[in-house]
Every structure is written in structure tokens, then in C-alpha cells.
Amino acid sequence: MASELEPEVQGLDRSLLECSAEETAGKWLQATDLTREVNQHLAYYVPKIYCRGPNPFPQKEDMLAHQVLLGPMEWYLCGEDPELGFSKLEQTNKPSHLCGRVFKVGEPTYSCRDCAVDPTCVLCMECFLGSIHRDHRYRMTTSGGGGFCDCGDTEAWKEGPYCQKHELNTSEIEEEEDPLVHLSEDVIARTYNIFAIMFRYAVEILTWEKESELPPDLEMVEKSDTYYCMLFNDEVHTYEQVIYTLQKAVNCTQKEAIGFATTVDRDGRRSVRYGDFQYCEQAKSVIVRNTSRQTKPLKVQVMHSSIVAHQNFGLKLLSWLGSIIGYSDGLRRILCQVGLQEGPNGENSSLVDRLMLSDSKLWKGARSVYHQLFMSSLLMDLKYKKLFAVRFAKNYERLQSDYVTDDHDREFSVADLSVQIFTVPSLARMLITEENLMTIIIKTFMDHLRHRDAQGRFQFERYTALQAFKFRRVQSLILDLKYVLISKPTEWSDDLRQKFLEGFDAFLELLKCMQGMDPVTRQVGQHIEMEPEWEAAFTLQMKLTHVISMMQDWCALDEKVLIEAYKKCLAVLTQCHGGFTDGEQPVTLSICGHSVETIRYCVSKEKVSIHLPVSRLLAGLHVLVSKSEVAYKFPELLPLSELSPPMLIEHPLRCLVLCAQVHAGMWRRNGFSLVNQIYYYHNVKCRREMFDKDIVMLQTGVSMMDPNHFLMIMLSRFELHQIFSTPDYGKKISSETTHKDLVQQNNTLIEEMLYLIIMLVGERFSPGVGQVNATDEIKREIIHQLTIKPMAHSELVKSLPEDENKETGMESVIEAVAHFKKPGLTGRGMYELKPECAKEFNLYFYHFSRAEQSKAEEAQRKLKRQNKEDTALPPPVLPPFCPLFASLVNILQSDVMLLIMRTVLQWTVEHNGHVWSESMLQRVLHLIGMALQEEKQHLENVMEEHVVTFTFTQKISKPGEAPNNSPSILAMLETLQNAPYLEVHKDMIRWILKTFNAIKKIRESSSTSPVAETEGTIMEESSRDKDKAERKRKAEIARLRREKIMAQMSEMQRHFIDENKELFQQTLELDASISAVLDNSPMVSDMTLTALGPAQTRVPEQRQFVTCILCQEEQEVKVESRAMVLAAFVQRSTVLSKNRSKFIQDPEKYDPLFMHPDLSCGTHTGSCGHIMHAHCWQS
């Protein structure tokens, strides 16, 4: 060994070899001014050890540093040989019950899904394998580096906080025991002295900003003239740019340049040239010049070699402090005291503060070293962890601003330590109460988003590259807010209430800036030229989704907080509505004898926004008010009487109308940006705090207003009011063959509106809206996903929304609703829905996409056919609404709703062209089914001497009012039951009629339950009136049938002669069999059949319906309908030829219709049989 070191030793300064650690420590013990002695020692020896040439020799430097620099410190600290001293300290130390192992990049970490307070609570592999959590549900991930093991932290685990290794120490440790009692006073004094000097030295030299001048107490008498050209890392320039630049600047090979670039990326800096000042300055100017063309130049400094030497030793010193405090908790406590002790300059003058506030100026390697020291000292000592948390919170705004302007990744910023502090429940609660942390985080976040429009809303449209970069970085603040809120309080103090509500105010200000942001206006005429920016707003919404949910969870835990939050949110929403009137004019709508005042507003002409977080937060709080029964306990404290239902529903309704119009193809010219926004609005990541809350807000509005008024406003916003208030709209449209696109558009809007009504009445599986719990909600989600097809575990989890702990709740309910089918030799295991759960299937489940709805419908009909049941898919029996939402069901029996149902059925009965669609009819039948189910439940659950006010069956039995005198809904359903063009819906209509009869029997048999209409009058019908009504109904059915047949026959007669001239001339010679066929044709009463002549009765032909494979539109095959074609391939054929050798002389003039007797060549026409509209084929 000696011989190996010989050449190196010979090149060293003899003073390094002669320096004795024990003697130096002895001098220090005798010194009156220890700081001066130590600094002189460092000033003399550090430059002799470090940075002696162009390339570092870390092993040699570390060996000498330990002998000459660190050795005396260890001797001084122990007062004897360090090996003996440190072993004594270890023996007297009572080890911490915290593991505190700092993770390296890529190291496996384990989190228990059953016991962890939040997903950030993790264990190292050793602790995990020795804990109870190995038998629980757990999540395994790889660390990004920088975190540490939470074993032993009782606040991190609901159960089993200790592994077997750390559990041994818990019985011996008293909670508030001071670790200094295990150290002698001499050791404490010496440790304090040396730690104070060394820590101060390291902080001072690492934060030193001068490039060629040392701090006064470290200046040398003889100063060399050697410098380093130091290149620093950034996250802007690529490897290739740095390598190319270095090759030009320092004239190195590509391999050397790659080595430099790799070290710069790993450690944060690297010297690329060593020499005098001029030589290094030349390299610096080339690097700056070559990297400043497109972006800011690479950071490069010419630094004196002695400064670099001291900084390298400063890093070594911090690592040494981290290892020394591992010997004893008492040493750790002393280092914490030294670090957090206020300096002479007061606020922010402690060493810890100075390091944190200089974080963005330090290079990557220096940051990593001091972050690890903080984790092994401040964060491992529970007393000083609290004090450090306070310092961190006080400097929070400055630290985050430094991080946002810096370009290094979050993991290399001191701001990343927030996860270690804010996720500790007691610390988070203390910081909210004492430092107002929630408000600080939110205000700091908003300070970085200053780009606003005239109304004060966030504006991301014209973001520069720098603003977009800052926006990406500032999103980490939302994560900090999530950490603070992730653990809910079990007890509330008055201070916590006050500070939380202050934070809630700040949060409302943030949401207010989002309310109505990124508004869109429909493009008419030409396509939008440039796709607008939409991703930033949705990124913000996605990041805030869990925070919004957690805010509501906190409010739900305390009634006083909930009431105050509700009031504050309503006040802010009222302000928002006051600011966004857009000059809307009042207008009065009238229909069915009802009238309502609203504003003149067209979604297709005015600005509309998909971002309404204030409205949605109020909807969430309203549900909590219902769920917690605060509305019934303290009605006088809630401003329910001040609520304006039309105001509450306005913006969510506009948003849903926008979605309907996009689906109807009205916004095609707005490009993909709007399509993407609609997609994310319904997507599983966003829908809980977007689409779902809009439905809840509409439900809130309907439950507080006259359902007729709500439906009129809805018709107006869907731009359908004119259609349903115009008598005979269907006949008018049928007579006008133009505007077919407009008719199709209106049909889609009617379908979407009916779908929305189904959702408002049927979606009551949120706790607080319906009388259900959270488990019922998850069960329903899973049932509907499995009705589409059997699914694997991973596929099912992806389709369910995650909470803030990344849990879906699936495992707790899956066995109740599904069987697991094990995989075979290949493939995956699948969950299949239990047959008994199929009855809960709702065809119009609001989380289905259109493709999923279609697949689910097909799968359920197929299942019913296999079970030999009828294929009707009736609405499921629903749980009752909570009292606050109970009046919502009246929308089904309101006059306007009945008018909408009657109108759609009337169009279907008339069956005229494009004015109705099967989807429209299907939705109306579903609504009728829902109303019948509701009435049946009301009758079955009615209390004695209570009046059932839900009288849907009686209302659908009544014919329409004058002047139309249209038949009753029931009569039209009986007519449609026999319609040949509604084969698919016959089972559903039969189910409705059957349910109607069942309800009628319940009513007749129930003498104890008097029945009332919603208008308040009791319906009393004598048997004579009933007979009269029945006769009238049957006569009406007969009249409609007669009119329909007559219309068909007159249509046939009109076209008969034109189409069959030759047939007419040969009529007299025809066989008598034709008469026989006519005689067997269906007889129609009150008509004379004519066998021969111009007025001959034509046999009714079977009507044929076909679907265009290109546009998917269904159409009846008629002469006057649009032409339908088949794609065909015509080719020469010799299959039947008797003379294949014959050659056609002139193929152009050859008539393929004329066949020669030898059949030498014929034609063959082949087609796939798929039918298309002629115009679809041409286009």
C-alpha cells in the first residue's frame, strides 16, 4: 500500500503529511478564539488539498481531507480517539424509533393501501418486509430520490407504524425525553462549538457569490494565480448543444466533451478549463457566444481555484455532519439548534434560512447534499421538525418564487421538502392555524397567474413561452395545497375554523378567476383559422379536481364551517353572475297556460364557457347540506330563501346545451379544441367536479322551482321553444322538403334535451341527492361498466374515478356485483356481472359515452333474447330522493313535460318523414316508464291517510286540450303498439301498458289511500264517465287507423297508372288469379274494392326500410324518397359461353344487352349488397 501511494505522496506538500489531527485538536482545545484558529487552519490547508490541477482526484482529496481537516474536528468533538469516542456515543445513545432511510433514485418503496394516512407514506424494503403491512393491500413504486422511510412515524399509519426492527426501541423511549441527557456537558459544549463553526463556514462558502475573492477570514497570504472555467447545468440546453459547444470552446475530443456534459448534468457543475484568468475567460466567451442564439446562454463562471477548493470542502463538510449525527440523537439535536438559531441580523438570519433562500443560486450537487442533511437532522427530530416547518411556511412565498424562476426540476429544489412537512397531520393543522398556510399557498399561486382578461378571469390564450413555462412550474403549489388538506381534522378548534374559512375565501377568489374563463363563440360561415389554447385551463381544472373535493370533505366535517362556506360560495356566485350578464334582455315565455320570465340568450350566438367551478362548488356544498341534514336542523342559518333558482341553473344549463349542440354538429367550424374540451368535460378524470356537478346544480334548481318554468327555460336554451309551442309543427315540416339538415339538427337537440331530463330525474345515486351511501354509488358505476362487457381488473379501475388517495373503492364492493372468471392458459381474468344485478341496468346511465351506451344496449338485449325474455329495457326502480330534492319528480307529471311527450308521440303516430326519430321516441318511452315506476313506488310506500300527489297515470289517460283535441298519451301508445315500423319498441310499449294496468289495479284496490292531482283537485269519475272516455278512446284509435290506411291507398292509386301503363292495357287479358289475390287482401271497412279498371284497388305492399352504410340514416324505400344505390362491379363473363375463341372486333360499339346465340361473351354484375344514398356515394 505504501509503495502504491509513494508517487502521490512525493508530489504533496510536506506540511500535509506532518499535520497531526490529535495535536491540532489539542491546540484548538487550548485556543481562546476557536473560530479564528479553525478558519486559519482551513484557509491554509484546504487549497493545498483540493483543486490542485485541471482534473479532480476525489479519492486522494477525501483521504487527505479526512486526515488533515476532518480528523482534528473529530478528535476535538470526542476529546479522545474518535473510534473510541464515537463507539461510546453509540452505546449511550437510545436510537430513534424513526427509520429515516433516505431513498436513492430507483429504490423500491412500499405503501400500504389499507393503513397509510396518504399515498406519500412509504416504507423501505427492509421495514416493509418486517411489518404487518406485507399481508395487506399494498402499492409498490420506485423512488425518484429524496424521500425517506416513514417507519416509526405514528402520524403516517393508521395501524402498525413500527416494523420488527424499530418496534424494539419503542418501549424504552419516553415521548418528550431530551436526547442531550445522554451526553456529558463537555461533549455538548465542544460539539456545539465545532458544529457552529463548521456549519457557518459551509453555509458562507456555498452561498458566496464573488468569483475571485474569498471571505476575509479565509484569505491566504500567498495566493496562486490559477482559475477554473466552471460550467453550470441548466434544463434548457440539450446534451448535443453542450457537447458541440465544449468541443469548440476548450478544444477537446468528443469523448472528453461527453464526459464533461455527463458530469455537469449529474453534479450541476464541472470545470472545463484550468489556467490563468485570461485563458479561462477566453473559453467562457466562446461558450456564451455559442449558446445565446436561441435561448439564454449556458451559465459559466471564471472562479479562483481557492474558492472552488473551499466550496468542494464545504460539501464534504455537510456530508460529514450528516454522518456524525448518526452516532447520537444528542448530536442531531445540537446540529438542529445550531442550524435554526437566529443570527445577529434577526429575521431569516439562521443558517437554515440562509441555505433555503439561496437554494435557486446553488448548483445541483450542493442542493442535494444540504437537502439530505436537512432530512437526516431537522426532519428526524420531532421538536425541531416543527420549528423547521414554521421557518419553511414563513419563507414559503419566497421559496416558491425562486423555484418558479429557476429551471431545475422540482426534486432538486428545497420547495420539494413540502411533502415531508405538509403531509404530517399535526404539522399541517398547526401551520394552517398559526401561519395561515392555506391562504399563503393560494395567494402565492394566484400571484404567479397575473394574466387576466377585463373581467378578471385567467387568460391563457396569448401566453408567451416564458409564461407557459412558469405556469407548468407553479402547478406544484396545487400539490402542496393537496398535501395540506389530505388529512382531515377529527376535532375543530375556533382558530382552525377561522383560518380554514380564510383559506376558503382565498380559494373562492381563485375559482372566481376561473369562472367563465376561455369562453367560446360559435363559428358561422367559415372555419376557425387558428385553434385556440384550451389545454392550460383544463390542466388547471384537473390539478384542482381533488383539491375541490377535499375542500368539500373538510366542510362536511363541521356544521358551522359548512354553513359559513355555503354562504360565502353563494355570495361569490352572485358576484360572478352580476359581472357576466352580457347585456341580456328579459323575455316572457308562455306554453300550456304557464308563463315565465327569463333572459334572451342563445348558446349558438353568444359566448359560453365550460369552466364554472364556483357553480359546481356550490352544487357540492348544497348536496352536503342535504346529506348532513343541516338544512333541516338550522334552516334559519342558511340563505335558502335568498337562492334564485333561475340564476343557479343558468350557466350549467348553457354548458350542457353547448355539449348537445356540439353533438348535433352545430359547432363543427370551431375545430378540435372544442371537441377536446367536451371530451374532457365528460372524461373520468374531470367529470366528478364538472359534468356531475352541473347535473346536481340543475337538480337543485328544479327542486326549488315550478317544473313547468324550468322546462320552459330549458326549451328556450335548447332553442326548441318555438317547436313545442307551435301547433302542427310536424305537418308543417313534412310539407316543406327543404331544411332537412335543420330538421335533423333539431331532432338531435330534442333527443339530447330528453336525455338531460332522464338524467335529472334518474341520477340520484350521490349521497345527499338520493337516500344512498357511497358504496351504492360505486356499485352502480361497476354494474354499468360490466353491462357493456366483462372486464379485467385494470380495465375496470381505469373506468372509475380515483380519490385523492388514488383509491376507487372497487375492491370493497366488487364481490357483491360480479363473479371473477379465472384466465385460461392465455388471456386475462375477467369480472362478469351477476345476473341478479342486471335489473339495475339503466340504458341512459349518465356516465356512458354514446359508443358504450350502444354496446350496453346491444349486450343486454342479446342477453334477454338468450333467456327468452322480451327485449324491453325498462328503467330500473330508483332509490327515493332526499327531502331537499324530493319535489324533483314532479317534473315528470308537469304540463309542459306531458306536452313534450304528447307531441313526440303524435309525430310518431303521424309517421311523417324526418320530423321524429326512433331515439326521440325511445327516450320518451323511457321517461314514461320512469314516471310509472315512480308512481308505483309512491303507491306502494304511501303511509295511511296520506294523499299520493303523483298522478301520472290519470294525466296520460286524458285527451289533449282544445283546439287540437289530440288523443291521450295512452291512446297513442296503444296505437303505436301495432305500428309495423316500430318493431324494436313494441316490447317496451307493452311493458308500459302492462305497468299502467298494474298501477290502475293498485289504485282501485287501495281504498285507504285517497288520490289527489298536483293541482289539488280530487278526480272523481262515475262509471258512466269512464265508459264514455273508453268509447271515445276506441273511436279515436279506429279513426287514426282508418286515416292511415286511406292515406296509404290514395298514395298507391296516385302513382299506379304512371308506373304501370303496359299493365293497365293488358288488364282485360289478365288471369283470374289476380282477382283471387285481391280477394285475399286485407279488407277495410267502409270501402269498396275495385278489381279492374282505372280505380283498381292495389294490394298494399310490404314497406321496406333500409340504412345507408355511409351516413347511417334509415329511410323507407319509396319512389319519392331520395335515390338509394348499390356499389356494383360489372365485368365480362364467359361462364356460359359456347364459343370462347370468338373475338369481339369493336368493344366500344358492342351492345352487351344483345346476346348472340353462341353466348360467346356476356356481362357479370357483382355487388356487396350494401345500400347507400346516391348523394352520399357521389360525395
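Cut-offs used in this document
- Residues numbered from 1 in each chain as written.
- Predicted model: local features only at pLDDT ≥ 70, side-chain atom pairs only at ≥ 80, totals over all residues.
- Heavy atoms only, no water.
- Helix = DSSP H or I, 4+ residues; strand = E, 2+ residues; numbered from the N terminus.
- Contact = heavy atoms within 4.5 Å.
- Areas by Shrake-Rupley, 256 points an atom, 1.4 Å probe, with all protein chains shown as cover.
- Phe/Tyr/Trp six-rings, centres within 6.5 Å; stacked < 30°, edge-to-face > 60°.
- Buried < 20%, exposed > 50% of the residue type's maximum accessible area, 1.4 Å probe, protein only.
- Lys NZ or Arg CZ within 6 Å of the ring centre and 35° of its normal.
- Patch = residues over 30% accessible without salt bridge, like charges linked within 9 Å, V, L, I, M, F, W, Y side chains within 5 Å.
- Salt bridge = Lys/Arg side-chain N within 4 Å of Asp/Glu carboxyl O.
- Lys, Arg positive; Asp, Glu negative; His and termini not counted.
- Charge placed at Lys NZ, Arg CZ, Asp CG, Glu CD.
- Axes fitted to C-alpha atoms, helices over the stretch in contact; angles between N-to-C directions.
- Parallel < 35°, antiparallel > 145°, perpendicular 65-115°, else oblique.
- Left-handed = near helix turned anticlockwise from the far one by under 90°.
- Nonpolar A, V, L, I, M, F, W, Y, C, P; charged D, E, K, R; others polar.
- Expected span 1.5 Å × (residues − 1).
- Core = buried A, V, L, I, M, F, W, Y, C linked by side-chain atoms within 4.5 Å.
- Pairing = 2+ DSSP bridges.

Focus on the overall build of the chain
A count of helices and strands for the chain gives 48 helices and 13 strands. For the chain, long-range pairs separated by at least 24 residues make up 76% of all intrachain contacts whose partners lie at least 6 apart in sequence. Surface exposure of the chain reaches about 57700 Å², of which carbon and sulfur atoms provide 51%.

Examining the packing of aromatic side chains
Applying the stated criterion to the full structure yields 35 aromatic pairs. Summarising the aromatic geometry, the rings of F460 and F471 are spaced 5.0 Å apart at their centres and angled 50° between planes, so their arrangement reads as tilted. Of the two residues, F460 is situated in the loop between helix 21 (437-447) and helix 22 (465-474) and F471 in helix 22; the sequence distance between them amounts to 11 residues. Side by side, F460 and F471 carry an identical accessibility label, which is buried. Three or more aromatic residues joined by ring pairs form one cluster here, namely Y370, F374, F388, F392, Y396 and F422. R269 extends its terminal NZ or CZ atom over the ring of W363, reaching a point 3.8 Å from the ring centre. In this arrangement the basic side chain of K299 is found over the ring face of F232, its NZ or CZ atom lying 4.6 Å from the centre.

Looking at the side chain of Q552
Its location among the elements puts Q552 in helix 25 (residues 535-556). Judged by relative accessible area, Q552 falls into the buried class, the value being 7%. Apart from the residues lying within four places of it in its own chain, the contact partners of Q552 are L617, G620, L624, E689 and K693.

Here's the deal with a negative patch on the surface
Taken together, the side chains of E22, E23, D81 and E83 present a region of like negative charge at the surface. Within the element layout of this structure, D81 appears in the loop between helix 5 (58-78) and helix 6 (82-92).

Some words on the packing of helix 5 against helix 6
If you want to describe how two helices pack, look at the angle between their axes and the distance between the axes. At their nearest, the axes of helix 5 and helix 6 sit 9 Å apart, and the two run at 50° to each other. In terms of axis orientation, helix 5 runs oblique to helix 6. In the packing of helix 5 onto helix 6, the handedness of the crossing is left-handed. Of the residues in helix 6, those in contact with E74, W75, L77 and C78 of helix 5 are P82, G85 and F86. Among the residues making up the contact of helix 5 with helix 6, the classes are represented as five nonpolar, one polar and one charged.

Thoughts on the pattern of salt bridges
Applying the stated criterion across every chain yields a total of 48 salt bridges. Between K568 and D505 there is a salt bridge, with the nearest N and O atoms lying 3.1 Å from each other. Pair noted here: K568 is in helix 26 (residues 559-579) and D505 is in helix 24 (residues 494-514), with a separation of 63 residues, a long-range link. By relative accessible area, K568 is classed as partly exposed at 22%. With a shortest N-O distance of 3.8 Å, E1116 and K1118 are connected by a salt bridge. The buried category is assigned to E1116, whose relative accessible area is 14%. A network of salt bridges, in which partner residues are shared, links R113, D114, R137, R139, E807 and E811.

Here's the deal with helix 17 (residues 382-394)
Taking 1.5 Å per residue as the helical rise, helix 17 with its 13 residues ought to reach 18 Å, and the 19 Å between its terminal C-alpha atoms agrees with that figure. For helix 17, the full list of buried residues reads Y384, K385, F388, A389, V390, R391, F392 and A393.

A few points about the nonpolar core
Counting residues in hydrophobic clusters, the biggest one holds 279 residues, and the most contacted among them are F195, F388 and F724. If we skip the residues at most four places from it in the chain, F388 touches L340, V352, M356, F374, L378, L379, L417 and I421. L231, V264, V272 and V300 belong to the second largest nonpolar core, which has 21 residues in total.

Some thoughts on the sheet that holds strand 5 (residues 300-304)
One open sheet accounts for three strands, arranged 4-3-5; its pairing is antiparallel. Edge positions in the open sheet fall to strand 4 (269-275) and strand 5, since each of these has one partner strand only. The sheet shows a mean angle of 30° between the axes of neighbouring strands, taken without regard to direction. Here strand 3 (residues 227-232) runs beside strand 4; their pairing, made up of six bridges, is antiparallel. Counted as the bridge partner of C229 is R273 from strand 4. Packed on one face of the sheet, helix 10 (residues 239-250) meets strand 3 and strand 4 and runs near 10° to strand 4. Set on the sheet, helix 11 (residues 254-267) makes contact with strand 3 and strand 4; between it and strand 4 the angle comes to about 130°.

Considerations on the packing of helix 5 against helix 9 (residues 185-206)
Closest axis-to-axis distance for the helix 5/helix 9 pair is 8 Å, and the angle between their directions is 150°. When the interaxial angle is binned, helix 5 and helix 9 end up roughly antiparallel. Residue-level inspection shows M73, Y76, L77 and C78 of helix 5 in contact with helix 9, the latter providing V187, R190, T191, N193, I194, F195 and M198. By residue class, the composition of the contact of helix 5 with helix 9 is eight nonpolar, two polar and one charged.

Brief notes about the environment of M830
Assignment of secondary structure puts M830 in strand 9 (residues 830-833). Exposure remark for M830: the relative accessible area of 23% places this residue in the partly exposed category. Sequence separation between M830 and P790 is 40 residues; the distance between their C-alpha atoms is 5.9 Å. The contact partners of M830, leaving out residues within four places of it in the chain, are P790, M791, A792, H819, F820 and K821.

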